[in-house]
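Observations on chain architecture
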Amino acid sequence: MGRVTLSQYLIQQQRAHKEIAPDLAALIEVVARSCKAISAAIGKGALAGILGSHGTQNVQGETQKELDVISNEMLIEATEWGGWLSGLASEEMEQPYSIPAQYPRGKYLLLFDPLDGSSNIDVNVSIGTIFSVLPCPKGVNDPAEKDFLQPGRNQVAAGFVVYGPATILVITLGHGAVAFTLDRETGTFLLTSENIGIPEDTSEFAINASNARNWHPPVKRYIEECLAGKTGPRGRDFNMRWIASMVADVFRVLSRGGVFMYPKDAKHEKGRLRLLYEANPMSFIIEQAGGAATDGDTRILDIQPTALHQRVGVVLGSKNEVVRVTDYHRE
Ligand code: AHG
Ligand code: MN
Ligand code: MN
């Protein structure tokens, strides 16, 4: 027997768990297919003329890269027609996207960050796509912003793709987290990590240290103690990694443990990362892999969103470290 393909895995999951509808499995396959196309485009880089700026700004006032826009369009085109969705929302669109009238409506809402790690596109460092699937509220045919404002614990599936040396898809349907590697020759996602489990302890942290002067006291204390190493209160040396693509940093945490932080600070008063299409899907996956995710005070998946593009402080990864950071916030 060869490796399990994404399609086989999705069928196995449906057989094992009655609540996983065929529609959800189909949706995930289509999202994955569209990420293969994004992966192929990224692989061509400058040869395909897809690097550089698009010359526009998104709702968060960030300059859109060509690839932000292309990936956004690819994901919409792939998912709007199939009858799985009643609505879509993306980092790159101010308002939820209305499914054209000629297509049937479905049970789900899809939210995504089409291209995560935009600052790394032009320098050939890993980037990715993040997605979250929520149930569409009953009786709603044309979901408005308020219909997307559900806490992360409502998610029925979440996933992300890292376009790195290998293209890797990580998903959860609420029964553990698994990873697939894209076989570029056959265009197939093959299961390469079953039952991902994050070690509870770690000696590796990820934070953008250029924000240090803006950090709040609990974060300052945590990082200072890590940096103090063997002779400090932690009694051991810590290592630091910061890729500046959440997808790649979170994949490392899933692979060998670690704590990833983009906390609220004096400059990022509400945090930097977006709740609905970055923090929620990643937190769902991290929890399914045995880790934890908090904004410092509240479990991310329990936060009631109030706006589509809301930002949030994020501390996630190895459980014991996340608990420690939370304790420092309480003290
Ligand atoms: P995006 O490219 O979708 O806007 O997200 C970038 C995010 C995330 O991937 C990363 O962890 C963080 O921004 C990097 O922030 P800094 O540039 O402050 O390091
Ligand atoms: Mn992002
Ligand atoms: Mn993005």
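The structure contained in this document is the topic of the report that follows. (Residues numbered from 1 in each chain as written. Chains lettered and ligands numbered in written order. Predicted model: local features only at pLDDT ≥ 70, side-chain atom pairs only at ≥ 80, totals over all residues. Heavy atoms only, no water.)

1. A word on the site of ligand 1
Ligand 1 sits among 18 residues. The nearest are Asp116, Gly117, Ser118, Met246 and Tyr262. A distance of 3.0 Å separates an oxygen atom of ligand 1 from a polar atom in the side chain of Asp113. The side chain of Trp242 places a nitrogen or oxygen atom 3.0 Å from an oxygen atom of ligand 1. Expressed as a share of its isolated accessible area of 470 Å², the protein-covered part of ligand 1 is 89%. Every element with two or more residues in the shell around ligand 1 is listed here: strand 4 (108-116), strand 12 (259-262) and strand 13 (273-274). Shared between two domains, the shell around ligand 1 takes at least three residues from each, and those domains are domain 1 (6-193) and domain 2 (204-330). (Near = heavy atom within 4 Å. Polar contact = N/O pair within 3.5 Å; in protein donor to acceptor, adjacent residues only side chain to side chain. Areas by Shrake-Rupley, 256 points an atom, 1.4 Å probe, with all protein chains shown as cover. Helix = DSSP H or I, 4+ residues; strand = E, 2+ residues; numbered from the N terminus. Domains from an automatic or database assignment.)

2. Section: the coordination of the manganese ion (ligand 3)
Binding of the manganese ion (ligand 3) to the protein goes through Glu91 (OE), Asp113 (OD) and Leu115 (O), at separations of 2.2 Å. In the primary sequence, the donor residues of the manganese ion (ligand 3) line up as E-x21-D-x1-L. Taken as an interatomic distance, the gap from the manganese ion (ligand 3) to the manganese ion (ligand 2) is 3.7 Å; Asp113 donates to each of them. Taken together, the positions of Glu91 in the loop between strand 3 (85-90) and strand 4 and Leu115 in strand 4 put the pair 24 residues apart, joining distant regions of the chain. Each member of the pair Glu91 and Leu115 is classed as buried. (Donors = N, O, S within 2.8 Å, 3.2 Å for Na, K, Ca; no water. Buried < 20%, exposed > 50% of the residue type's maximum accessible area, 1.4 Å probe, protein only.)

3. Concerning the packing of helix 1 (residues 6-16) against helix 2 (residues 22-44)
Where helix 1 meets helix 2, the axes come as close as 10 Å, and the angle between the chain directions of the two elements is 160°. Classified by the interaxial angle, the pair formed by helix 1 and helix 2 is roughly antiparallel. In this structure, helix 1 crosses over helix 2, and the sense of that crossing is right-handed. Residues Leu6, Ser7, Leu10 and Gln14 of helix 1 form the contact with helix 2, whose own contacting residues are Pro22, Ala25, Ile28, Glu29 and Ala32. When grouped by side-chain class, the residues that make up the contact of helix 1 with helix 2 number six nonpolar, two polar and one charged. (Axes fitted to C-alpha atoms, helices over the stretch in contact; angles between N-to-C directions. Parallel < 35°, antiparallel > 145°, perpendicular 65-115°, else oblique. Left-handed = near helix turned anticlockwise from the far one by under 90°. Contact = heavy atoms within 4.5 Å. Nonpolar A, V, L, I, M, F, W, Y, C, P; charged D, E, K, R; others polar.)

4. Let's talk about the pattern of salt bridges
Across all of its chains, the model carries 21 salt bridges by this definition. The closest approach of N and O atoms between Arg221 and Glu225, which form a salt bridge, is 3.0 Å. Here Arg221 and its partner Glu225 are both found in helix 5 (residues 217-228), four residues apart, which amounts to about one turn of the helix. One salt bridge in this structure joins Arg236 and Glu321, with 3.7 Å as the shortest N-O distance. Within this pair, whereas Arg236 is found in the loop between helix 5 and strand 11 (239-240), its partner Glu321 is found in helix 8 (residues 319-330), the two being separated by 85 residues in sequence. Looking at Arg236, the relative accessible area reads 28%, which means it is partly exposed. The class of Glu321 is buried, set by a relative accessible area of 2%. Counted as one network, the salt bridges with shared partners bring together Glu62, Glu91, Arg272, Arg274, Glu278 and Arg311. (Salt bridge = Lys/Arg side-chain N within 4 Å of Asp/Glu carboxyl O.)

5. A few points about the packing of helix 5 against helix 8
One way to put it is that helix 5 packs onto helix 8 with a least axis distance of 8 Å and a crossing angle of 135°. In terms of their interaxial angle, helix 5 and helix 8 are classed as oblique. The two elements helix 5 and helix 8 meet at a crossing, and its hand is right-handed. Contact residues: helix 5 offers Pro218, Val219, Arg221, Tyr222 and Glu225, while helix 8 offers Glu321, Arg324, Val325, Tyr328 and His329.

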